[in-house]
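Chains, contacts and geometry: an overview
Residues per chain, in single letters:
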Amino acid sequence: MTRLLARFAALLLLGAALPALAGALTPLQPGDYARIKSARSGKPFIVTLWGLDCPYCKGNLAMLGAAAKANRQLDLVVIATDTPDDAAALAPLLRQAGLGERRTWVFGDAAPERLRFEIDRQWHGEMPRTYLFDADHQATAVSGSLAAEDFHLWLRRNGLEAPRAVRP
Amino acid sequence: MPAPLFRIVAPRPLSVGSALFVLPLLSALFAATIPPARAHEGHEGHGAPTASKGAKAPRPPLAVGAAFDGSGRLWRVRVAPEQGGRLVVDHSDDLGAHFSAPVAVNAVPEPVAAEGELRPDILAALPDAPAGTAPPPAQVWVAWTSPLANVPYAGHVRFARSTDGGHSFSAPITVNDDTAPITHRFQTLSRGPDGRLYLAWIDKREGEAAKRQGQAYRGAAIYYAESRDDGATFGANARHAAHTCECCRIALANDPAAPAGSRPLALWRHVYADAQGKSIRDHGLAPLGGIADGTEPPKGSDDRWQVDACPHHGPALAVAGDGTRHLAWFNLVGAAPSLQYQALDRNGAPLAPPRRVGGELASHPALFVRGDAVWLAWKEFDGQATRVFAQHSTDGGRTWDTPRPLAESGGASDHPQLIGDRGRPYLSWNSQPEGYRLIALESPEPPAAPAPHRH
């Protein structure tokens with residue numbers, strides 16, 4: 001009971017650490033990724049994985065964040081591979097990428113390999129990692145920064161290229 | 001099997017009293033920030049959550065450093081959440097079955113990176129004693145990365161030593177002489193046969209300087225420092241390599257075939273540039289400080305993985321008495337994730353093409369060598385459990401036996417380490433549900449040719 005209380009309080013303290021974060025950072029648990037996908041059945045969307053420990057993620061996240069902000073039809077799922085404990089460090093980076101208002105995710109399981117395995121067993125944790133899902137959920141996986149031309153191709157293929165919407 | 005003697009309990013210590021005090025103040029904020037996990041989108045038909053005791057817990061500091069001191073005593077360093085997150089050192093005289101009372105390394109708690117590729121290092125040795133006198137107490141050296149709170153990728157390389165057999169430790173020092181709040185991380189500690197200590201780490205001082213002048217800088221750099229007085233002091237920092245990967249551990253190994261006083265051989269993930277200027281993340285192989293200015297480091301792998309990403313997969317290196325270099329590393333070969341092994345001769349010429357190791361989920365290798373006997377270990381997660389496998393070669397890495405599982409964990413785990421006690425290999429592995437394990441790779445009969453400190 002004491003431990004439960006302590007855990008709950010730790011979670012509360014975590015919340016207190018980021019009063020400026022308007023969006024929500026949700027811990028990703030085993031099974032959640034499948035639910036994220038099934039909730040988007042028949043629709044195109046993008047999943048991007050990033051982390052604090054990844055200098056290349058910043059630019060990639062900024063490009064995707066700007067595109068999602070400019071084009072409300074662009075469904076962007078952002079997952080950090082850090083921990084809920086890192087919320088205070090993640091928040092300013094999400095804000096800088098224009099994602100401060102959005103619900104995003106953070107790995108919530110102590111064993112990151114479990115979540116990596118659920119997302120893609122071909123993915124070995126290199127970041128940034130981005131999945132471009134077509135409406136039929138055929139996915140293109142990209143390790144490293146997503147090339148602007150690949151992004152445009154995907155947008156066009158899925159009818160998401162709004163005029164002046166995307167300027168990566 | 002030794003009983004798991006320490007378990008890391010995930011939540012930080014927090015008194016209930018203080019929790020109750022802040023509770024009402026925070027409940028409003030709480031609703032707006034971290035929603036309860038069950039408020040997920042798309043949770044219709046939510047079944048029983050996958051069994052995972054560690055769910056919702058922050059990632060535990062599972063990376064443990066371990067080494068033998070040459071007398072059969074095992075030394076261990078780990079982050080102790082029950083001691084305010086201090087680093088603690090303990091030792092075992094019965095191969096990990098029982099450990100001494102832990103001794104704090106840093107009296108003042110500080111953040112310590114102990115997860116994934118970031119591992120606290122420990123080395124220990126008994127000083128030489130004149131014949132007939134009692135053996136002097138062991139010297140113990142500990143190095144770690146202390147990350148800076150809320151500055152991504154930033155940290156300092158820290159070091160402390162004990163000269164009284166691990167009873168007390170010197171006040172920690174920062175070894176990087178650039179103290180800007182930038183990257184100085186992923187340290188590796190090594191000790192030469194002549195007793196010199198070497199610390200190598202990933203350092204971004206050059207990249208930051210280039211940025212201030214509006215210039216681009218490919219990757220990070222590796223810097224190193226040397227101690228010739230048993231760790232009392234370290235000399236000035238020197239650059240080993242420019243343009244290295246930002247987020248992979250560095251492997252250091254003594255080369256017994258190199259002239260006396262040589263620095264250790266380093267294997268690290270480098271960022272080479274192809275003709276179009278794109279990043280190729282292959283491995284460099286060179287003695288510390290042994291790369292001529294303006295030249296690209298010699299290649300230890302040639303898979304041409306072209307990516308601007310942080311792989312978080314560092315290599316493993318062991319060098320045999322005749323200078324044969326045994327290398328293991330992870331790369332994408334084409335589109336296929338591949339853990340690979342290769343032996344090179346003392347001049348760096350391949351003795352055979354690289355060979356694939358384990359399944360497509362194999363990663364995080366460790367190597368140990370004794371003459372022509374080579375052991376290779378790695379871990380694989382199959383969706384349910386993580387297993388550490390080992391393979392053995394008796395002919396210098398030309399042929400290998402069938403991989404055999406050494407240990408298994410159902411939860412979060414450290415990367416496997418192979419450490420040696422007077423030439424005998426052991427797996428050192430920590431995992432959250434099972435605790436620390438030390439597992440012999442050889443059956444108990446004495447090795448045919450024990451040659452631990454001959455070089």
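Everything discussed here concerns the structure shown above.
Residues numbered from 1 in each chain as written. Chains lettered and ligands numbered in written order. Predicted model: local features only at pLDDT ≥ 70, side-chain atom pairs only at ≥ 80, totals over all residues. Heavy atoms only, no water.

**Here's the deal with the overall build of chain A**
Secondary structure assignment for chain A yields 6 helices and 6 strands. N-terminal to C-terminal, the α/β element order of chain A is α-β-α-β-α-β-α-β-α-β-β-α. Taken across its 168 residues, chain A has 59% of its residues classed as buried. Sequence-distant contacts, at least 24 apart, represent 70% of the contacts inside chain A between residues at least 6 apart. (Helix = DSSP H or I, 4+ residues; strand = E, 2+ residues; numbered from the N terminus. Buried < 20%, exposed > 50% of the residue type's maximum accessible area, 1.4 Å probe, protein only. Contact = heavy atoms within 4.5 Å.)

**A look at unusual backbone geometry**
Note on backbone geometry: most residues besides glycine have negative phi, and most peptide bonds are trans. A cis amide bond, omega 0°, links M127 of chain A with the succeeding residue P128 of chain A. Its place among the elements puts P128 of chain A in the loop between α5 (112–119) and β5 (129–133). Even without being a glycine, H137 of chain A presents a positive backbone phi close to 65°. A positive phi angle is found at Y153 of chain B, which is not glycine, with a value near 65°. Along the chain, Y153 of chain B turns up in the loop between β6 (139–147) and β7 (155–162). For Y153 of chain B, a relative accessible area of 19% translates into the label buried.

**Section: the pattern of salt bridges**
Residues and elements named next belong to chain B. This model, assessed by the stated rule, comprises 34 salt bridges over all chains. Ionic pairing is found between E296 and R218, a salt bridge with its closest N-O pair at 4.0 Å. Of the two residues, E296 sits in the loop between β17 (283–287) and β18 (316–319) while R218 sits in the loop between α2 (205–212) and β11 (220–227), which places them 78 residues apart along the sequence. The shortest N-O distance in the salt bridge between R304 and D302 comes to 3.1 Å. For R304, a relative accessible area of 54% gives the class exposed. The class for D302 is partly exposed, based on a relative accessible area of 42%. (Salt bridge = Lys/Arg side-chain N within 4 Å of Asp/Glu carboxyl O.)

**With respect to the pairing of strand β1 (residues 65–68) of chain B**
All names here are of chain B. Across the two faces of β1 the burial is the same, with G65 and A67 and A66 and F68 all buried. When β1 meets strand β2 (residues 74–80), the two strands line up antiparallel, connected through 4 bridges. From the neighbouring strand, G65 faces β2, where its bridge partner is V77. Where β1 folds back on β2, the antiparallel hairpin that results is connected by 5 residues, among which G70 adopts a positive phi of roughly 95°. (Pairing = 2+ DSSP bridges.)

**Describing the sheet that holds strand β13 (residues 251–253) of chain B**
Residue and element names in this part refer to chain B. As summarised here, the arrangement of the 3 strands in space is β13-β14-β17, forming an open sheet in which the pairing is antiparallel. Edge positions in the sheet fall to β13 and β17, since each of these pairs with one other strand and no more. Direction aside, the axes of adjacent strands within the sheet are offset by 15° on average. Of the strand pairs in this sheet, strand β14 (residues 265–269) and β17 are connected by 5 bridges, and their pairing is antiparallel. Within the sheet, the bridge partner assigned to L267 lies in β17 and is L285. (Axes fitted to C-alpha atoms, helices over the stretch in contact; angles between N-to-C directions.)

**Regarding helix α4 (residues 87–96) of chain A**
Those residues of α4 of chain A not exposed but buried are A87, A89, L90, A91, L93 and L94 of chain A. Within two residues after α4 of chain A, G98 of chain A carries a phi angle of roughly 75°, on the positive side.

Geometric values such as these leave the question of function open.
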